[in-house]
Amino acid sequence: MKEKLDITASIVLYNENLEELTKTVNCFLRVPLKKRLFLIDNTQNKLFQNIFKKQEIEYIAVGKNIGFGAGHNMVKDRISNNSNFHLILNPDVNFQEAVIPNLIIELKKDENVSMIAPKVLFPNGDHQYSCRRYPLLSELFARRFTFMKPIFKSTVYKGQYKDKDLNNSFFAEFITGCFHLYKTNDFLKLEGFDERYFLYMEDVDICRKIDNLGKKKIYYPKEEITHVLKKGSSKSMKLFFRHSLSAIKYFLKW
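One numbering rule holds for all chains: residues counted from 1, following each sequence as written. Side-chain atom pairs in this predicted model are given and counted only at pLDDT of 80 or more, local residue features only at pLDDT of at least 70, and totals for whole chains, interfaces and linings cover all residues. Side-chain numbers here rest on the full set of heavy atoms in the structure, without hydrogens or water.

Engineer: Help me understand the overall build of the protein in this model?
Structural biologist: Assigned secondary structure in the protein consists of nine helices and 11 strands. Three labels apply to residues, based on accessible area from a 1.4 Å probe with only protein chains included: buried if under 20% of the type maximum, exposed if over 50%, partly exposed otherwise in between. Here the protein holds 254 residues, and 49% of them are scored as buried. Contacts between residues were defined by any pair of non-hydrogen atoms, one from each residue, lying within 4.5 Å. A separation of at least 24 residues holds for 75% of the contacts in the protein among residues at least 6 apart in sequence. The method behind every accessible area is Shrake-Rupley, applied with a 1.4 Å probe, and residues are considered shielded solely by the protein chains displayed. When the accessible surface of the protein is summed, it comes to about 12800 Å², and 50% of that surface belongs to carbon and sulfur atoms. Comment: elements are numbered from the N terminus, with helices defined as DSSP H or I runs of at least four residues and strands as E runs of at least two.

Printed below as a string of structure tokens:
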């Protein structure tokens, strides 16, 4: 019987900065574990086909933009019975080689925990507030339209867990999806991401599904990563429409 990999990871590619992506890929390749990285190319012209030629990398050309969640779901059959842990990774994330092994140690400690995520920093070192309470509609409006922030200041404050000591680990309601480390079997039990979300809110949704599985998510700030965070929906009307549509789907579902 083929021995399982320690970890697999997937990155969904579309309009990526190649320098940032290369840094992210190299971060994963430096992890001292048996591993495999899946690059899911959502571009129509297979733009990333011949860039990364490593034995530990498997390239998957989709040929069209199927979205974030559906892209990550492309690997479900490939990781089934093949890895112990699976990482959902954004293409603009940097981390030290010990981060993943240390997170795995923590994830193994509790059979009721399905997913773990580290503290997330901006490149300038500022805290990104990646662990949050489940969003309220008013909070989403306030975060998108800055003139509303004073009105819903306490809602946003609590929503980002600013009322807790974020230097200590705890079971968070939801954790943003730039870096989700799952027990592979639990990710498969969740059936991956809900593909009705093309982009945005799928990370909130899968955290809800973890709750329904009777499992938990842990925010673990002893390990840190850096995330560029594009904030696309605040700069593009098209992405703002995508975000709004996903929010509607989320609130109708939950």
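Engineer: Whenever I open this one, the pattern of salt bridges confuses me. Can you help?
Structural biologist: Close approach of charged atoms allows side chains with opposite charge to pair. The salt bridge definition used is simple: a Lys or Arg side-chain nitrogen within 4 Å of an Asp or Glu carboxyl oxygen. Applying the stated criterion to the full structure yields 13 salt bridges. Its salt-bridge partner being aspartate 194, residue lysine 253 comes within 2.8 Å of it at the nearest N-O pair. Here aspartate 194 lies in the loop between α7 (184–189) and α8 (202–212) and lysine 253 lies in helix α9 (residues 237–253), a separation of 59 residues in the sequence. Judged by relative accessible area, which is 33%, lysine 253 ranks as partly exposed. By relative accessible area, which is 11% here, aspartate 194 ends up buried. For the salt bridge of aspartate 205 with lysine 253, the shortest nitrogen-to-oxygen distance reads 2.9 Å. With aspartate 205 in helix α8 and lysine 253 in helix α9, this pair connects stretches of sequence that are 48 residues apart. One network of salt bridges, in which partners are shared, links Asp194, Arg196, Asp205 and Lys253.

Engineer: How should I be thinking about unusual backbone geometry in this particular structure?
Structural biologist: With the exception of glycine, most residues fall at negative phi, and the peptide bonds are largely trans. Positioned with a positive phi, asparagine 81 is a non-glycine residue whose angle comes to about 60°. Locating asparagine 81 in the fold gives a position in the loop between α3 (76–79) and β4 (83–89). In the Ramachandran plot, tyrosine 200 falls in the positive-phi region, its phi being about 80° despite a non-glycine side chain. Along the chain, tyrosine 200 turns up in the loop between α7 and α8.

Engineer: Would you explain the environment of asparagine 17 in this entry?
Structural biologist: In this fold, asparagine 17 is placed in the loop between β1 (5–13) and α1 (18–29). The exposure class assigned to asparagine 17 is partly exposed, which follows from its relative accessible area of 37%. Linking asparagine 17 and proline 91, residues 74 residues apart in sequence, is a C-alpha distance of 8.4 Å. Polar contacts involving the side chain of asparagine 17 include one to the main-chain amide nitrogen of glutamate 19, which spans 3.0 Å. Of note is the side chain of asparagine 17, whose polar atom sits 2.9 Å from the backbone nitrogen of glutamate 20. For the purposes of these results, a polar contact is taken to be a pair of N or O atoms within 3.5 Å, where, inside protein, one atom must be able to donate a hydrogen and its partner to accept one; residues adjacent in sequence count only when each atom of the pair is a side-chain atom.

Engineer: Looking at this structure, how should I read a nonpolar patch on the surface?
Structural biologist: Within this analysis, patches are made of residues with over 30% relative accessible area and no salt bridge. Like charges are joined at 9 Å or less; nonpolar side chains (Val, Leu, Ile, Met, Phe, Trp, Tyr) at 5 Å or less. On the surface, a nonpolar cluster with roughly 440 Å² of combined accessible area is contributed by Phe241, Leu245, Ile248 and Leu252. Locating leucine 252 in the fold gives a position in helix α9.

Honestly, that's just the spatial picture; any functional story needs more than this.
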